[in-house]
Amino acid sequence: MNTDGNKFALEFADSSTFKVREKDFRFIHPEFTQISDDCPQADFSVLTELQEETLSLQEITEWLFDEFNAQTAWCTCLLVEDGLYFYWQKDKVFVRPTAQVESVQAKRDAEKLAAESLAHCIDNLSKNIFDEQDEPYLKEIARVALNQSKTAKILSHIGVENSPEAAYKLLLKIQYFEPSFNPYPARFNIPTDEEISVDVPVIERVDLTHLASYAIDNEDSNDADDAISIEGDKLWVHVADVANIVPSGSDLDVYAQERGSNFYLPESIIHMLPTSVTKATALSGESNALSFCFEFDGENINNIEVMQSRVNVTNTTYNEVDKWLVADSNENLAKIQAIGVTHQVFRDSRGAINLHLPSVDVRFIDGKASVTPQVSSPSRDLVAEMMVMAGRTMAQFTSDNLIPVPYALQDEGDFSAEFLAKKDSLTLSESFLAIKNFKRSATSVKPLLHYGLGLPAYLRVTSPMRRYYDLLTHQQIINFITDKPMLSVSRVKEIIGSVNVALSNVHKVSRASDEHFKCLFLNQNPNWTATGVVVDIRGDKALFMIPDIGMMTQIKFKNLPQLDEEMQLQVSQVNLVDRSVNFKVV
């Protein structure tokens, strides 16, 4: 040790040096001698009599080792620095009480166990395995994967990025998550279903049970929310009277606002309202409804009536109705179909555009993913047109009566006269390339043009148990026809703003979930092939649409194919983490 001004230069056995100020030294013994960290066994039993006392280094050394020399003084210093039984109070030593020693030791034991557990988990993950002991760490990783936490310390230890994608990829790799697990509802913090009992208020209703009313839906549906009837020149659309149970401003109304819509996921449905509301309001047999009555003269909607009603509904399916229409065995539905066709012609004459792009249904049932192309049929076209007519009718009714409601609108698109002249006979590539010419649809309190539908105004009104805007419209209409206070225009605007946020998540989760299970379907069917249609050329790549699975892919070519050329495609790679698929030409 050498002095250097007001500092001491310490030289160590490896010839390294370190400068220390005098005040940073602690004097422990007047004798300078060679010492080591090998210490005799201290007698800790004596500490029972010394709890919470403050002693000099010499005193505590003599108690522990019976003698005070440079070596025992150094050993006492090591014990004080360790901090289990003692700690420094300036140059004195404070003896911890027994309870405090036990607390410090318990904390150290826990830290040691945690370190061992962490090391055990790190070792397992390096081998792509895990066991029950790793569960706390895996739950932390899962929280990152589900976007419920920003970090899991163990990810940093194993060199994995703290991101939902990286964490999810790891959990898939070690098979902690099954490929069939859908992470997206949790990532977007989508509320789950809640069971809430409901009461059905008894009100005076118009008896319409004499009408033949048909609720037409898919084979597996058991919660119909709309039905149709015809009576002479009068068309009827009956819709489940959800607003009778969920009035504006109620707790259930707030519940529905937070969700915005049903989530139709391949593996399940997350409902906008408690399923008790669906059971109480779904149309089946004799049911309560909000009924819209109107006449159509080939161009105009006339003689609109709205009433809370009692109807008698026959539940049937698209397939069954298709048979009736082909056989001309149901006079009522044949008349409704003819009116629907006339209304479609009217909308076409007003510029309606339907690109008829392919769409698919994605399902996950009993461990198997399936992707089924949606097909058009007379019954589906009939129901779709009647729902459009109902939306047009109620947009007219609410506008005429100054009822504040959330209208659906779409500004005029940028289409050439040449395109419009052949809009009903477009190729797939022409339909695809036309998408960019549409203006984005929106929601407003003003009854403005809906360009795509070819209507001066349009209102969502036929699914109040599934879509919040339909429910809000029903609430306003019922308050109007029963002379109760309606929400103001400004309040409806506020609700539109908040619901749009919820709906944004609905769309993101639904799209990501469908993509996830499409990837799973392709993993489960590695030899699957389908026809791809060229819909765009981008540099040296052709963009394909694959109608059978509702996916797009780009493939590089030396000699580019033509637009609308068809080729057989096969999967070459599936990435479940980022929901991407690469295809190759067979």
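Structure first, text after, so check above.
Calculation rules
Residues numbered from 1 in each chain as written. Predicted model: local features only at pLDDT ≥ 70, side-chain atom pairs only at ≥ 80, totals over all residues. Heavy atoms only, no water. Helix = DSSP H or I, 4+ residues; strand = E, 2+ residues; numbered from the N terminus. Rg over C-alpha atoms; globule rule 2.2 N^0.38 Å. Buried < 20%, exposed > 50% of the residue type's maximum accessible area, 1.4 Å probe, protein only. Salt bridge = Lys/Arg side-chain N within 4 Å of Asp/Glu carboxyl O. Expected span 1.5 Å × (residues − 1). Core = buried A, V, L, I, M, F, W, Y, C linked by side-chain atoms within 4.5 Å. Contact = heavy atoms within 4.5 Å. 1 Å grid on protein atoms, 1.4 Å probe; cavity = no way out; pocket = protein on both sides within 12 Å on 5 of 7 lines; lining within 4 Å. Points joined across faces, edges and corners; volume = space filled by probe spheres on them. Nonpolar A, V, L, I, M, F, W, Y, C, P; charged D, E, K, R; others polar. Pairing = 2+ DSSP bridges. Axes fitted to C-alpha atoms, helices over the stretch in contact; angles between N-to-C directions. Parallel < 35°, antiparallel > 145°, perpendicular 65-115°, else oblique. Phe/Tyr/Trp six-rings, centres within 6.5 Å; stacked < 30°, edge-to-face > 60°. Lys NZ or Arg CZ within 6 Å of the ring centre and 35° of its normal.

Side note on the overall build of the protein chain
Part 1 of the argument: Of the regular secondary structure elements, the protein chain holds 16 helices and 24 strands.
Part 2 of the argument: The C-alpha atoms of the protein chain give 37 Å as radius of gyration, which overshoots the globular expectation for 586 residues (25 Å, by more than 25%).
Part 3 of the argument: Over its C-alpha atoms, taken along the principal directions, the protein chain stretches across nearly 115 × 70 × 50 Å.
Part 4 of the argument: Looking at the protein chain as a whole, 46% of its 586 residues qualify as buried.

Examining the pattern of salt bridges
Part 1 of the argument: Enumeration according to the criterion identifies 21 salt bridges in this entry.
Part 2 of the argument: For the salt bridge of D91 with R26, the shortest nitrogen-to-oxygen distance reads 3.1 Å. Here R26 lies in the loop between β3 (17–21) and β4 (54–55) and D91 lies in the loop between β5 (86–89) and β6 (92–95), a separation of 65 residues in the sequence.
Part 3 of the argument: By relative accessible area, R26 is classed as partly exposed at 34%.

What about helix α15 (residues 468–481)?
Part 1 of the argument: The end-to-end C-alpha separation of α15 is 20 Å, in line with the 20 Å expected for 14 residues at 1.5 Å each.
Part 2 of the argument: For α15, the tally of buried residues reaches twelve of 14 residues, placing the bulk of the element in the interior.
Part 3 of the argument: Immediately beyond the C-terminal end of α15, within one or two residues, lies D483, with a positive phi of roughly 60°.

Let's talk about the nonpolar core
Part 1 of the argument: Formed by 83 residues in total, the largest nonpolar core has its most connected members in I228, V237 and M386.
Part 2 of the argument: Among the elements that line this core, the one with the most residues is helix α12 (residues 378–400), at ten residues.
Part 3 of the argument: The residues touching V237, leaving out its near neighbours within four places in the chain, are A227, I228, L290, S291, F292, F294, M386, M387, A390 and T462.
Part 4 of the argument: Formed by 46 residues, the second largest nonpolar core is a distinct cluster that contains L172, V362, F364 and V581.

Looking at the layout of surface pockets
Part 1 of the argument: As a volume, the second largest pocket reaches approximately 1100 Å³.
Part 2 of the argument: The wall of the second largest pocket is formed by 25 residues, among which F25, I28, F32, I35 and W74 lie closest to the centre.
Part 3 of the argument: Those elements giving two or more residues to the lining of the second largest pocket turn out to be β2 (7–11) and α2 (70–82).
Part 4 of the argument: Sorting elements by how many residues they give to the lining of the second largest pocket places α2 first, with five residues.
Part 5 of the argument: Across the lining of the second largest pocket, the residue classes break down as 16 nonpolar, four polar and five charged.

Here we look at the sheet that holds β4
Part 1 of the argument: As summarised here, the arrangement of the three strands in space is β4-β6-β5, forming an open sheet in which the pairing is antiparallel. Among the strands making up the open sheet, the edge pair consists of β4 and β5.
Part 2 of the argument: Summarising the sheet, β4 and β6 pair through two bridges and their orientation is antiparallel. Residue pairing across strands places L55 opposite V93, the latter belonging to β6.
Part 3 of the argument: Packing against the sheet, α2 makes contact with β5 and β6, and its axis sits at approximately 95° to β5.

Details of the packing of helix α10 (residues 318–327) against helix α11 (residues 331–349)
Part 1 of the argument: With their axes 9 Å apart at the nearest point, α10 and α11 run at an angle of 85° to one another. By the angle class used here, α10 and α11 are roughly perpendicular. Judged by residue contacts, V321, W324 and L325 of α10 engage L333, A334 and Q337 from α11.
Part 2 of the argument: Grouping the amino acids of the contact of α10 with α11 by side-chain chemistry returns five nonpolar, one polar and no charged.

Looking at the packing of aromatic side chains
Describing an aromatic ring pair means giving the distance of the ring centres and the angle of the ring planes.
Part 1 of the argument: Following the criterion strictly, the structure yields 17 aromatic pairs and no others.
Part 2 of the argument: On the basis of an interplanar angle of 85° and a centroid distance of 5.2 Å, the ring pair of F8 and F25 is categorised as edge-to-face. With a gap of 17 residues between them, F8 in strand β2 and F25 in the loop between β3 and β4 connect regions that are remote in the sequence.
Part 3 of the argument: A relative accessible area of 37% places F25 in the partly exposed class.
Part 4 of the argument: Three or more aromatic residues joined by ring pairs form one cluster here, namely F130, Y168, Y176, F177 and F181.
Part 5 of the argument: Directly above the aromatic system of Y255 lies the positively charged group of R259, at a separation of 3.6 Å from the ring centroid.

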